[in-house]
Amino acid sequence: MSAANTAESADFRGPLDITRAATVVLDADSTVIGWSPAAAELLGYEPGEALGRPLSDFISAQPVGSTPPAAAAEASGVSEASGASGLSGASASTGIGPPSLVDNEIHVAHARDGRELLVATATCPLPGGAAGRGPGAPDRILVAAEVGGLRHWESRIALLQGLATQSPVGLAIYDTDLRLTWCNTAYEREIGQPLAAFRGKRADELYAGGSFVTPGYPQTLDGVMHQVLETGEPVLDLNFRAQQPSDPGRDHLWSCSYYRLEDAHGHVFGVCEDAFDVTDRYRVQERLALLVEAGRRIGTVLDVATTAEEISEVAVPDFAVTVRVDVTRAAMTGETAAVGSAADMSLLRVADRSEPGAATPDPGLPDPAVPDPGPGQPDAEGADPGLPGPGVAEPGPLDSADAEGGSRGVPGAAASLDGDRHPYPPVTYPPGSPQHRSLSSGGLVLDEGTLVVPLRAGGGILGLVTFDRGVGPGASGRPPAPDRATTFDNGEVALADELAARAAVCIDNARRYTRERTASLALQRQLLPHHLPPQSAVRTAYRYLPADDVTGVGGDWFDVIPLSGTRVGLVVGDVVGHGLQAAATMGRLRTSVRAFAQLDMAPDELLTRLDDLVGQPAEEPPDAYGGAVETYDVTTGATCLYAVYDPVSRRCVMARAGHLPPAIVDPGGRVSFPDLPAGPPLGLGGLPFESMEFELPVGSLLALFTDGLVEARDHDIGHGLDTLGRVLGDRSASLEELCDRAVSELVPSGTSADDTALLLVRTRELDAERVAHWELSAEAVSVGRARELATGQLEAWGLEELVFATQLVVSELVTNAVRYAGGPLGLRLIRDRTLVCEVADTGHTSPHLRHSAEDDEGGRGLFIVAQLVQRWGTRYTPTGKTIWTEQALPPADEG
């Protein structure tokens, strides 16, 4: 018996069932001789009122919408007498209701209260026929029910019929032993056999190996059904995964519901299962979930290699068995995306991920069975395998700790000289391969189980992503899993295209960041001092660490500036922000500080001039050059600390603009952070800068640093200062060792969210034997006296070669001081790496070099001095000014 026959033969006791319908017994003359209680309830007549009366008193003789008997007789040629009077057993109506009512006659019934009812009737003749019966003998039985009730019942019958034969939802009934007793047509289609072939089997036998994947419920069909039978509580929308018997080799997912079945007396006789195949919907949800996961996991950092790895991690194993990401060499180095032909594109294998034991052949790399070329032999791309991988920057002289960490290796990479894998091996695809066709066409290529999608951005190609599902056996020799799709459908191709598009945007952003970071690092390295020349005043050591890749290059900087009179300027600063603009701003500030320092400005005056310079861009009118206006100026808010140390007097003068004070360590190892007046950061204005002067014993240690050294996310600045003071307190360590210890303890990872600059300075004192100082009166006779003193001192130093030039210099400078300034005058000679000659007076007017005309009697003295010396200049003091010159020492006396 099929599912359809089962539904048709079921006894649902309809409205015309004799046990429920209004029943009337008629004789041959259509006289009522029997009247049921249901008839009394329907029409309101009691049996005593209805018996013996003709049926036409209660129900119309002709069906509604039928032809009158006379007209029918005339049309058919049959006399009226030949037809049965009243209601006969034959249907004479074509019906006025829906097609389901055409087998029943529709009559108008007259109720006792005057109402007229539409009723459906059916007659059943009694055995024996009417010929042998007289009046009052039972001839036939008529049953009647309201049309509305009949239509409602027949709609329920149609619903049950549809569920049994047309519904896409699989329905099955299991008895209390969980054996199948009935199912509908949809269930038969899933099994692929008629009900008779598998009736009596258990569900776990029909769907062997299947399980529920919805958490919180038993995993087996038996377990869930037993739970429903025992508790009586229905279970809705459980996801069941199994292979469909009619579609073996492919997993399906059903949404299943279960409820207990009971008879009219409440006895449990089974459980009903509703199952709807939601495989396609589930796959769409999986694809959407994969896109959401891709958006969350791809592009977490601005690094091309990391982004490529993230693509493969997202796609394996949920989308493909193997994913390979090849990126152009230009993209790895931050250059513009390639727009040429496939032959012009040099690809590097950046990521390669496979499901364990399911690797697929790689047409882009050489067969591992073929020996690698020997050391020093170029590979197919002309690159030496022993060289560093493309895209890995060589560390500069200032940031040995900034060398990029080792990149992930990829399977099949060429071996380097030291046995390590090449980080990004070049790949070359043969003509005709899916990858080569994709590069040539610029579009995606589907070749059986291999899908190649180009990474496109800005009209150029950044690389390729190869999704492989492994049509053939993998590297392990095993065939692909039976439940895995071996090709890509249209929805999966669109998903792969979307994944590649998102990845291309992230890789392009990383490429742009790489280009900007590379430019910023190059600019920063060019602007920072590459080498600090030796100074007689101090010994120095330094460390500079750029910020990490996430934050980007910052604007921390430092410098050591030689000044007149063997003094030295020490400066450290920090620019707000990161990136190329911060590096350029740092270069502007460093150049400005060096220029102001050469004017021998005091620290507070230098910071004042620098503050004025920084404040100028804010006063420029918007869009002054017709271009885009930068809304944020990283120059404003920059900090700076400037100090000047004099090795002759051992005095140090310093001032700061919003910067951290330095650390000073005396020869005994005691560490202090002087309470320097804290001026405002540069560009803010409002408060003046103040200097503070210290006398530093010989051998004192001065540490200038930026906040990136002492401040971090895991500790506050106080902890960093304490750690720095503890490290600097070790007097037995050299300056280089102290730099290394400070960086290792305060920046253990080698990089931080901010730049790190550290400048250590050990003070010296210039020997008294190398300095000579005299005080002279502002008289003409002092010029000759100055020449004599200078000559005697040079002879004592063994610098007779410089006597003539020095006499001219001293004569001119002292003469100018006597003529244009006031006394007392000071003359000082310093023998250092150069011969320094200084003349001090109480005037505040600086002499200027000029070219004299042929008829001028004066004005040539300073011009002659400028030709005899290397440098000269003016240094202002609280009591006047000092004119200084520097002369090169003879070769035998240099150093």
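(A) Main features of the overall build of the protein. Looking only at helices and strands, the protein features 22 helices and 33 strands. When the accessible surface of the protein is totalled, it reaches about 42,400 Å², and 53% of it is carbon and sulfur.

(B) Inspection of the packing of aromatic side chains at higher detail. Inspection of every chain in the model, using the stated rule, returns eleven aromatic pairs. Judged by centre distance (5.0 Å) and plane angle (50°), the ring pair of W35 and F58 falls under tilted. Here W35 is found in strand β2 (residues 32–35), whereas its partner F58 is found in the loop between α3 (47–50) and α4 (69–76), with 23 residues between them in sequence. In this pair, the class of W35 matches that of F58, namely buried. Relative to W254, the ring of F240 has its centre 6.3 Å away and its plane inclined at 40°; by these criteria the two rings are tilted.

(C) Focus on the packing of helix α10 (residues 279–297) against helix α11 (residues 304–315). Running from N to C, α10 and α11 point in directions that differ by 155°, and their axes come no closer than 10 Å. Our classification of the angle between α10 and α11 gives roughly antiparallel. Considering how the two elements wind past one another, α10 and α11 form a crossing that is right-handed. Seen from α10, the contacting residues are L290, E293, A294 and R297; seen from α11, they are E310, E313 and V314. Of the residues in the contact of α10 with α11, the class split is three nonpolar, no polar and four charged.

(D) Just the sheet that holds strand β16 (residues 450–457), in detail. Strand order in the open sheet formed by six strands is β14-β13-β12-β17-β16-β15, with antiparallel pairing between adjacent strands. Single-partner strands in this sheet number two, and they are β14 (426–427) and β15 (445–447). Pairing analysis gives seven bridges linking strand β12 (residues 322–328) to strand β13 (residues 347–354), with the strands arranged antiparallel. When the sheet's bridge partners are listed, D326 is paired in β13 with R349. In the packing of α11 onto the sheet, contacts are made with β12, β13 and β17 (460–468), and the angle to β13 comes to roughly 30°.

(E) How the structure looks around the environment of A145. Relative to the assigned elements, A145 resides in strand β5 (residues 140–146). Counting along the chain gives 129 residues from A145 to L16, while the straight-line C-alpha distance between them is 6.1 Å. With residues up to four places along the chain from it excluded, the contact list for A145 reads P15, L16, L118, V119 and A120.

(F) The arrangement of the environment of L499 in detail. Position of L499 relative to the elements: it lies in helix α14 (residues 490–527). Owing to a relative accessible area of 4%, L499 belongs among the buried residues under this scheme. For L499, the contacting residues outside a window of four places in its chain are L290, L291 and A294.

(G) Quick look at the packing of helix α21 (residues 803–820) against helix α22 (residues 861–868). Following both chains from N to C, one finds α21 and α22 inclined at 145°, their axes separated by 10 Å at the closest point. For α21 against α22, the interelement crossing comes out left-handed. Two secondary-structure elements touch here, α21 through A805, L808, V809 and E812 and α22 through G861, L862, V865 and L868. Grouping the amino acids of the contact of α21 with α22 by side-chain chemistry returns six nonpolar, one polar and one charged.

(H) Fine view of the pairing of strand β6 (residues 170–174). Most of β6 is tucked away: four of the five residues are buried. Judged from the five bridges that link them, β6 and strand β11 (residues 268–277) form a sheet pairing that is antiparallel. Among the inter-strand pairings, I173 is bridged to a residue of β11, identified as C272. One ladder, built from three bridges, connects β6 with strand β7 (residues 180–183); its direction is antiparallel. Bridging from a neighbouring strand, I173 pairs with W182 of β7.

(I) Looking closely at the pattern of salt bridges. Inspection of every chain in the model, using the stated rule, returns 38 salt bridges. For R287, the salt bridge is made with D489, and the minimal N-O distance between the two is 2.8 Å. Remark: D489 occurs in the loop between β17 and α14 and R287 occurs in helix α10; sequence separation between them is 202 residues. For D489, a relative accessible area of 33% corresponds to the partly exposed category. Through salt bridges with shared partners, one network takes in E293, R296, R297, E309, E313 and R353.

Basis of the calculations
- Residues numbered from 1 in each chain as written.
- Predicted model: local features only at pLDDT ≥ 70, side-chain atom pairs only at ≥ 80, totals over all residues.
- Heavy atoms only, no water.
- Helix = DSSP H or I, 4+ residues; strand = E, 2+ residues; numbered from the N terminus.
- Areas by Shrake-Rupley, 256 points an atom, 1.4 Å probe, with all protein chains shown as cover.
- Phe/Tyr/Trp six-rings, centres within 6.5 Å; stacked < 30°, edge-to-face > 60°.
- Buried < 20%, exposed > 50% of the residue type's maximum accessible area, 1.4 Å probe, protein only.
- Axes fitted to C-alpha atoms, helices over the stretch in contact; angles between N-to-C directions.
- Parallel < 35°, antiparallel > 145°, perpendicular 65-115°, else oblique.
- Left-handed = near helix turned anticlockwise from the far one by under 90°.
- Contact = heavy atoms within 4.5 Å.
- Nonpolar A, V, L, I, M, F, W, Y, C, P; charged D, E, K, R; others polar.
- Pairing = 2+ DSSP bridges.
- Salt bridge = Lys/Arg side-chain N within 4 Å of Asp/Glu carboxyl O.

What is shown is where atoms sit, not what they do.
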